[in-house]
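# Overview (structure and organization)
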Amino acid sequence: METNKAKRVEIIIEAPMEGRLTDALENAGVTGFTILPVLGGSGRSGHWSREGQVSRAGGMVAVICIVREERLEELLEAAFEVVNRHIGVIGVTDCEVLRAERF
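Being a predicted model, the structure only gives us computed values, none of them experimental.

A few words on the side chain of Lys7. With respect to the element layout, Lys7 can be found in strand E1 (residues 4–14). Reaching out from Lys7, the side chain makes a polar contact with the side chain of Asp94 at a distance of 2.3 Å. In contact with Lys7, not counting residues within four places along its chain, are Cys65, Ile66, Val67, Glu69, Leu72, Val92, Thr93, Asp94 and Cys95.

As structure tokens, then:
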């Protein structure tokens, strides 16, 4: 089966910023993404967990996008405008996809 090269972008950001981030991605032409809850982790500020939290306010989400390489720069600029002022990280990896016309 033939695969096609693409870029996978994972953005971890504070849950309350999810809407602002997805709006920025859509305005940059991103047509699809997946949002996952982040249960916990560790970073510059140490370990953290969603355990025991009543609201989303202290939580994080992972927004995952797969795009063609020529769309990457515009996506990253839009995402960085949001992430730059908040807790978050952006990762980019190479991937291969089937059905490239969907990306």
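Attention now moves to the nonpolar core. In this structure, Ile11, Ile13, Leu21, Leu25, Val63 and Leu75 are the most contacted members of the largest nonpolar core, which totals 20 residues. Sorting the residues of this core by element identifies E1, helix H1 (18–27), strand E5 (60–67) and helix H2 (72–83) as the ones contributing at least two each. Among the elements that take part in this core, H2 stands out by supplying six residues, more than any other. In this view, Ile11 contacts Leu21, Leu25, Val61, Ala62, Val63, Ala79, Val83, Val89 and Ile90; residues no more than four positions away in its chain are not counted.

Calculation rules
- Residues numbered from 1 in each chain as written.
- Predicted model: local features only at pLDDT ≥ 70, side-chain atom pairs only at ≥ 80, totals over all residues.
- Heavy atoms only, no water.
- Helix = DSSP H or I, 4+ residues; strand = E, 2+ residues; numbered from the N terminus.
- Polar contact = N/O pair within 3.5 Å; in protein donor to acceptor, adjacent residues only side chain to side chain.
- Contact = heavy atoms within 4.5 Å.
- Core = buried A, V, L, I, M, F, W, Y, C linked by side-chain atoms within 4.5 Å.
- Buried < 20%, exposed > 50% of the residue type's maximum accessible area, 1.4 Å probe, protein only.

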